[in-house]
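One letter stands for each residue in the lines below.
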Amino acid sequence: MRRNIPTIAPFLILSILGLTAGLWAGLLRLGWVLPALRSNLAFSHGSLMISGFLGTLITLERVAALRRAWMLAAPALTGLGWVLGLAFPGQVLGPALITLGSLGAVAILLIIVRRETQIFTITMAAGALCWLAGNLLWLGGTALNRVVWWWAAYLVLTIAGERLELSRVRQPKPLHYRLFTAAALVFLAGVLVTTARPQTGIFIIGAGLLALAAWLIRFDIARFNLRHPNPLTRYIALCLFSGYLWLGVSGILNLTVGVQAAGPLYDAVLHTLFVGFVLSMIFGHAPIILPALTGIQVSYHRIFMLPLALLHISLALRVAADLSGWHSGRMWGGLINETALILFLILLARQVLLSQKGATHPTAPISGRNHPG
Ligand code: HEM
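Attention now goes to the coordination of the iron atom of the ligand. Surrounding the iron atom of the ligand are the protein donor atoms His45 (NE2) and His271 (NE2), at 2.0 Å. Each of the 6 donor atoms around the iron atom of the ligand contributes to a set of angles spanning 86 to 179 degrees, which defines the coordination as octahedral. Linking His45 in helix α2 (residues 45–66) with His271 in helix α11 (residues 264–294), this pair joins segments that are 226 residues apart in sequence. Here His45 falls in the buried class, since its relative accessible area comes to 17%. Since its relative accessible area comes to 12%, His271 is described here as buried.

And the structure:
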C-alpha cells in the first residue's frame with residue numbers, strides 16, 4: 001500500500017499548497033493587512049478552497065481507491081489549474097484546466113456508478129456533476145455568488161453520499177433511503193433554480209440543507225456513536241454530529257437572509273457550511289482517509305479535541321459577529337478558524353510521525369475505512 005506514496009505525493013502537495021494559498025486569500029478577504037502576493041489572490045479564495053484544495057484531494061482519494069494511472073490526470077489538472085490561475089491573472093488557462101480536471105472527476109464517478117449503481121454512488125456522481133457545472137459557469141463569467149452554490153453542492157452531495165454509504169452498517173429501511181433522496185433532490189432543485197431565480201433558489205437550497213441536516217442527525221451512525229466506549233469512534237462521531245448541526249444552521253440562514261453577493265451575511269451563510277460542516281467532516285475523516293490514501297497508519301490522541309473545539313468556538317464568534325455587524329469579531333473569528341485547521345494538520349502530522357516510530361502513547365490505532373465512524 002505504501003507504494004502509493006511516491007505516486008500521490010506531488011498531488012497531495014499541490015492540494016495542501018492550494019489550501020495554503022486559499023487560507024492566505026481568506027485572510028485578505030477578511031481585511032487583515034497582509035502582502036497581496038498576486039493581484040487575483042483574494043478574489044481566488046473560493047476556487048482555491050473548493051477546487052485547488054478539496055477537489056484535488058477528493059479526486060485523489062478516488063484514484064487511490066481505483067488505481068488506474070490515467071485517472072491521475074484529473075487531480076493533476078486541478079492542481080496545475082490553480083497554480084496557473086494565480087500565475088496568469090485574468091487568463092482563461094487556469095480555470096480551463098480546473099474545469100477539465102472536474103470533467104475527469106465526473107468520468108471517474110461514472111465508472112464508480114457503473115460498478116455499483118446505488119443511491120450513494122449516484123449522489124456522489126451528482127455532486128461531481130455540480131462541480132463541473134459550477135466550473136463551466138465560472139469559466140463563462142457567471143457571478144461568483146451564483147457559481148458558489150454549484151460548488152457547495154459538490155461538497156454537500158459528496159459528503160452526504162459518503163455518509164449514506166457508511167450508514168449501511170445500520171441497515172437503513174427503504175423509507176430512510178426515500179427521505180434521503182427527497183432531501184438531496186430538494187437541495188439540488190434549489191441549486192438549479194438559483195441560477196435563473198436566485199431569491200427562490202436560495203430559499204429552496206435552505207430547505208434542502210435543513211432536510212439533509214435532519215436526515216444526517218437522525219439516521220447517520222454518528223448520533224449512536226457519541227457515547228461509544230472507543231475514544232476515536234467518539235471523536236469522529238462528535239466531528240460529524242457538530243458538522244450536521246452547522247449544516248442545519250446554514251439551512252436556516254439561507255431560509256432567512258435571502259440572496260447575498262458579498263459581506264457579513266454572505267460570509268455567515270457560506271462558512272456555516274464550508275467551515276462548520278465541511279471542515280468538521282475533514283477533522284473527522286482525515287484520520288481514516290490518510291491511511292486509505294497512503295497506507296500510513298495514524299493513531300488517535302485526545303489532543304485532536306483541541307482544534308475541534310477551537311474551530312466551533314471561533315466559528316460561533318465569526319457568525320455572531322457577522323450577524324451583529326461586529327467587524328473585528330469577524331476578522332478574529334476567521335483567523336482562529338484558520339488557526340484551528342492548521343493546528344489540526346500539525347497534530348495529524350505529529351501523530352503520523354509517532355505512529356511511524358511505533359511510539360507508545362495513550363492512543364487508539366485507526367484501521368482504514370472499515371472503522372465504524
Ligand atoms: C478557514 C477560514 C476561512 C476564512 C477566513 C474565509 C474567508 C472568506 C471570506 C472573508 C469570504 C468573503 C465573504 C464576504 O464577501 O464578506 C469568503 C468567501 C468564500 N469562501 Fe471562505 N473562508 C474560509 C474557509 C473557507 C472554506 C473551508 C471554504 C470551502 C471549503 C471556503 C469557500 C469560500 C467560497 C466558495 C467563498 C465565496 C467565493 C467568493 O465570493 O469569492 N472558505 N471566505
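For the rest of this paragraph, the subject is the environment of Arg234. Following the sequence through the fold, Arg234 ends up in helix α10 (residues 231–257). You can call Arg234 partly exposed: its relative accessible area is 36%. For the pair Arg234 and Ala222, spaced 12 residues apart in sequence, the C-alpha to C-alpha distance is 8.4 Å. Polar side-chain contacts of Arg234 include one of 2.8 Å to the backbone oxygen of His228.

Attention now goes to the confidence of the model for the protein. Looking at the protein, pLDDT values average 93 and 94% of them are 70 or higher. A low-confidence stretch, residues 360–372 (pLDDT under 50), is modelled with 41 contacts involving residues beyond four sequence positions or located in other chains.

In this section: the site of the ligand. Surrounding the ligand, one finds 26 residues, the nearest of these being Arg29, His45, Tyr266, His271 and Arg330. Measuring from an oxygen atom of the ligand, one finds a side-chain N or O atom of Arg29 at 2.8 Å. Gly263 is positioned with one of its backbone polar atoms (N or O) 3.0 Å from an oxygen atom of the ligand. In terms of residue count, the dominant contributor to the shell around the ligand is α11 (7 residues). Each residue belonging to the shell around the ligand can be placed in one class, and the counts come to 14 nonpolar, 7 polar and 5 charged.

What counts and what doesn't
- Residues numbered from 1 in each chain as written.
- Predicted model: local features only at pLDDT ≥ 70, side-chain atom pairs only at ≥ 80, totals over all residues.
- Heavy atoms only, no water.
- Donors = N, O, S within 2.8 Å, 3.2 Å for Na, K, Ca; no water.
- Tetrahedral: all angles 85-135°; square planar, octahedral: opposite > 155°, others 65-115°.
- Helix = DSSP H or I, 4+ residues; strand = E, 2+ residues; numbered from the N terminus.
- Buried < 20%, exposed > 50% of the residue type's maximum accessible area, 1.4 Å probe, protein only.
- Polar contact = N/O pair within 3.5 Å; in protein donor to acceptor, adjacent residues only side chain to side chain.
- pLDDT = per-residue confidence, 0-100.
- Contact = heavy atoms within 4.5 Å.
- Near = heavy atom within 4 Å.
- Nonpolar A, V, L, I, M, F, W, Y, C, P; charged D, E, K, R; others polar.

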